[in-house]
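Overview (structure and organization)
Take a look at the letters that make up each chain.
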Amino acid sequence: MSFTGVMRPGHAAIRVLDMAEAVEYYVERVGLIKTDEDKQGRVYLKGWDELDCFSLVLREADSPGIDFMGFKVCKESDLDDFEAKLKEYGQNVERMPAGELIKCGERVRFDSPSGHTFELYAEKEYLGDGLGRLNPNPWPEGLKGMQVHRFDHCLLYGSNAIGTVNLFRDVLGFDLTEQVLNPEGEIAAAFLSCSNKAHDIAILEHPEPGKLHHVSFMLMTWEEVLRAADIMSMHDIAIDIGPTRHGITRGQTIYFFDPSGNRNEVFCGDYTWYPDREPITWQPEELGKAIFYHDRKLNENFLGVVT
Amino acid sequence: MYQISIEDSDEVFDCAADRNVLKAMEKLGRSGIPIGCRGGGCGVCRVQVLGKGQYHTGKMSREQVPADDEKKGICLACKLIPESNLRLKVLGKWQKHFSDNRVSENQKLGT
Ligand code: FES
Ligand SMILES: [Fe+2]
């Protein structure tokens, strides 16, 4: 597949209540690798299978949640193109200088109807996976905790979710892969892909703007998902639901919480998206199955517990 | 060990002096306070300490417990450590939501 425009989710910047506790959790338990720290005290991390130098940024603050989500674009000139299109679409756009996030090039930051902040960037320093690109081994030794491969996607909650969905489809060229309809037949939740993953971002309609439902990290097998759940019980990490399966995207999943109450997910096993596929539609009466395929009912926490 | 009682319900359970109230409730298989993120972030377990109970709290989301609320004894049960017996009123996020937009949201999503 030849990628153009937006290539993939590149980073999520989230707020935590206690940095030391958060770093211990994300490094020792989730298994991310700490790669840097900046003058403001923000901490940068990445999954072992990621080559750019960070994909998660932590900032200590007095309320948890998400600051912004960033996407990597294919080439520098995409930034100018998207900046112009976003402005024309009516978004507030701001250029963040290179180096404002350590080792990251210039970013085009924009707001959205659901109250979330997003960014596009073209350059981030290459760090590698410790295996090299010449006759590499399949995985590095010495990984910790759940050993997540990489940051995969976010599910965001906000008012006027449909506005953000349209923005991603119309301006950024994302495909709609799955949608959940409300009884009026309108989109209540949308799963969007800029690649050939089942989703790179998902957005759900919610009364409060700018909320984070979860940040998701990828594993390879159901066995690894189960092992991640074992680690959660070993270390008394709060589990929301799972291990189970999502109807939407077919992913095998666990939802759990970081020490500040931000929801995380580890998952494996979604399908491959190609642009010639028809989007999947979930009717409101099947919403339970869509979200938790085995429970077949929605829990209040799925709708109401957000940061 | 302190006794935690929930206003407007029959729930009473014990909580050790080094444990948060929500976890004590969960471990005993009791209910009364809604359980969310367990990390002081989501506000689902919001309670108010009634009377003059002694307690301290861990760091809680300011968005969920503004400073003014905190002065009124409002806190998050998952960050609430008792230093005496406590009488709690459940405020929660659910209550807020069930009375206004939460219900309509659920209906909208067809649950
Ligand atoms: S359960 Fe989320 S704040 Fe206590
Ligand atoms: Fe997810």
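Rules used in this analysis
Residues numbered from 1 in each chain as written. Chains lettered and ligands numbered in written order. Predicted model: local features only at pLDDT ≥ 70, side-chain atom pairs only at ≥ 80, totals over all residues. Heavy atoms only, no water. Helix = DSSP H or I, 4+ residues; strand = E, 2+ residues; numbered from the N terminus. Rg over C-alpha atoms; globule rule 2.2 N^0.38 Å. Buried < 20%, exposed > 50% of the residue type's maximum accessible area, 1.4 Å probe, protein only. Contact = heavy atoms within 4.5 Å. Buried area = accessible area lost by both parts, 1.4 Å probe. Salt bridge = Lys/Arg side-chain N within 4 Å of Asp/Glu carboxyl O. Polar contact = N/O pair within 3.5 Å; in protein donor to acceptor, adjacent residues only side chain to side chain. Nonpolar A, V, L, I, M, F, W, Y, C, P; charged D, E, K, R; others polar. Pairing = 2+ DSSP bridges. Axes fitted to C-alpha atoms, helices over the stretch in contact; angles between N-to-C directions.

Observations concerning the overall build of chain A
Secondary structure assignment for chain A yields 6 helices and 17 strands. Scaling as 2.2 N^0.38, a compact globule of 307 residues should have a C-alpha radius of gyration of about 19 Å, and chain A matches this with 18 Å. Dimensions of chain A, computed from C-alpha atoms along their principal axes, come out at roughly 50 × 45 × 45 Å. By the burial criterion, 59% of the 307 residues in chain A qualify as buried.

Looking at the interface of chain B and chain A
Every contact between the two is made by 30 residues of chain B and, on the other side, 33 residues of chain A. Carbon and sulfur atoms make up 53% of the area that chain B and chain A hide from each other, which totals about 2400 Å². Summed over the shared surface of chain B and chain A, the number is 2 salt bridges. Between Asp-236 of chain A and Lys-23 of chain B there is a salt bridge; the shortest N-O distance is 2.6 Å. Our enumeration of links across chain B and chain A arrives at 10 residue pairs in polar contact (both at pLDDT 80 or more). Of all the secondary-structure elements, those providing two or more residues to the side of chain B that touches chain A are helix 3 (94-99) and helix 4 (101-108) of chain B. Broken down by element, the residue count for the side of chain B that touches chain A peaks at 6 residues, all from helix 4 of chain B. Residue classes in the side of chain B that touches chain A are distributed as 8 nonpolar, 12 polar and 10 charged.

Here we look at the sheet that holds strand 6 (residues 93-96) of chain A
All names here are of chain A. Taking strand neighbours across the sheet as the criterion, the 8 strands line up as 2-3-4-1-5-8-7-6 in an open arrangement whose pairing is mixed. Looking at strand neighbours, the two that pair on one side only are strand 2 (33-37) and strand 6, the edges of this open sheet. Averaged over all adjacent pairs, the angle separating strand axes in this sheet is 25°, with direction ignored. Pairing between strand 3 (residues 43-46) and strand 4 (residues 56-60): 3 bridges, direction antiparallel.

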